[in-house]
Amino acid sequence: GPGLAIRILCADKPFDISQEEQMKTAKELEAYNKDGIYATLLPTRSVGVQGDARSYKQLCGLSTDKKTPDWKTLFELAKEIPKKVHNVNRVVFVFGDPIKTSKLETITNTLLCQDTCDQLRAADNIVTEQLIKNNLVKKVAQLPVILFPCDFGIKGGRGIAIRTFITNDFMTGIPATPGKEIPENVLN
């Protein structure tokens with residue numbers, strides 16, 4: 001999979017869009033708040049692809065107040081939001097308590113340094129141990145672990161994203177669905 005440095009999203013300030021664009025984007029995301037699912041603008045940029053071009057835009061976090069997430073709806077929203085909300089190019093699911101605010105404001109300063117790399121290595125180790133323990137090494141073709149600066153209200157905290165990928169040819173694929181290709185208990 002991708003090397004360590006490329007999986008650390010660095011930032012020394014939240015957002016890379018104006019306050020006006022932040023408010024506009026947060027307002028657009030409110031349309032996706034329904035049935036116990038909440039869409040929140042995260043103060044972190046990511047590289048993604050929109051149409052035929054690379055883009056450097058904001059992340060959206062989806063969270064839910066349901067005990068068992070509706071993965072089908074969450075996957076549909078993850079596809080739809082970057083198509084309709086042009087300041088967002090990636091969507092992540094946020095485990096834990098739902099985030100019911102339209103945007104988060106703070107990050108932990110994240111640069112490519114020893115401590116940050118060590119934090120990602122520790123997360124990699126946890127994920128690898130779970131893959132081995134649950135016999136998922138061959139089933140999940142790729143599972144990059146990404147460190148990003150969103151602190152989710154915890155001073156000094158960072159977000160960890162895992163991107164589960166099922167493929168036969170490494171050119172096309174689908175995300176692994178919790179409860180289907182990957183047991184939900186592994187994600188806890």
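First, a word on scope: everything that follows refers to the structure included in this document.

Strand β1 (residues 37–50) sits mainly inside the fold: ten of its 14 residues count as buried. In this structure, β1 lies alongside strand β2 (residues 53–64), joined through twelve bridges in antiparallel fashion. The residue bridging L41 from the neighbouring strand is C60, located in β2.

This next bit is on the packing of aromatic side chains. A complete count under the given rule lists four aromatic pairs for this structure. Ring centres 6.2 Å apart and planes at 50° place the aromatic pair W71 and F95 in the tilted group. Of this pair, W71 sits in helix α2 (residues 71–84) while F95 sits in the loop between β3 (88–93) and α3 (114–133), and the two are 24 residues apart along the sequence. With centroids separated by 4.9 Å and ring planes inclined at 90°, the aromatic side chains of F93 and F95 adopt a geometry described as edge-to-face. Take F93: its relative accessible area is 23%, and that puts it in the partly exposed class. Among the aromatic side chains, those forming a connected cluster through ring pairs are W71, F93 and F95.

Attention shifts here to the nonpolar core. Among the nonpolar cores identified, the biggest contains 16 residues, and L120, L131, L136, V140, L143 and V145 are the most heavily contacted of them. Elements that contribute at least two residues to this core include exactly α3 and β4 (145–148). Counting residues per element, this core draws most heavily on α3, which supplies five residues. When neighbours within four sequence positions are excluded, L143 is seen to be in contact with V127, L131, I162, R163 and T164. Counting 14 residues, the second-largest nonpolar core is a separate cluster that includes F15, A39, C60 and V88.

Next up on the list: the pattern of salt bridges. Across all of its chains, the model carries eight salt bridges by this definition. Ionic pairing is found between D16 and R45, a salt bridge with its closest N-O pair at 2.9 Å. One end of the pair, D16, is in the segment before α1 (19–30); the other, R45, is in strand β1, with 29 residues separating them in the sequence. Under the relative-accessibility criterion, D16 is labelled partly exposed at 41%. The salt bridge partner of E80 is K84, with a shortest N-O separation of 3.8 Å. Taken together, the positions of E80 and K84, both in helix α2 and four residues apart, correspond to about one turn of that helix. Note on E80: relative accessible area 31%, which makes it partly exposed.

Definitions and limits used
Residues numbered from 1 in each chain as written. Predicted model: local features only at pLDDT ≥ 70, side-chain atom pairs only at ≥ 80, totals over all residues. Heavy atoms only, no water. Buried < 20%, exposed > 50% of the residue type's maximum accessible area, 1.4 Å probe, protein only. Helix = DSSP H or I, 4+ residues; strand = E, 2+ residues; numbered from the N terminus. Pairing = 2+ DSSP bridges. Phe/Tyr/Trp six-rings, centres within 6.5 Å; stacked < 30°, edge-to-face > 60°. Core = buried A, V, L, I, M, F, W, Y, C linked by side-chain atoms within 4.5 Å. Contact = heavy atoms within 4.5 Å. Salt bridge = Lys/Arg side-chain N within 4 Å of Asp/Glu carboxyl O.

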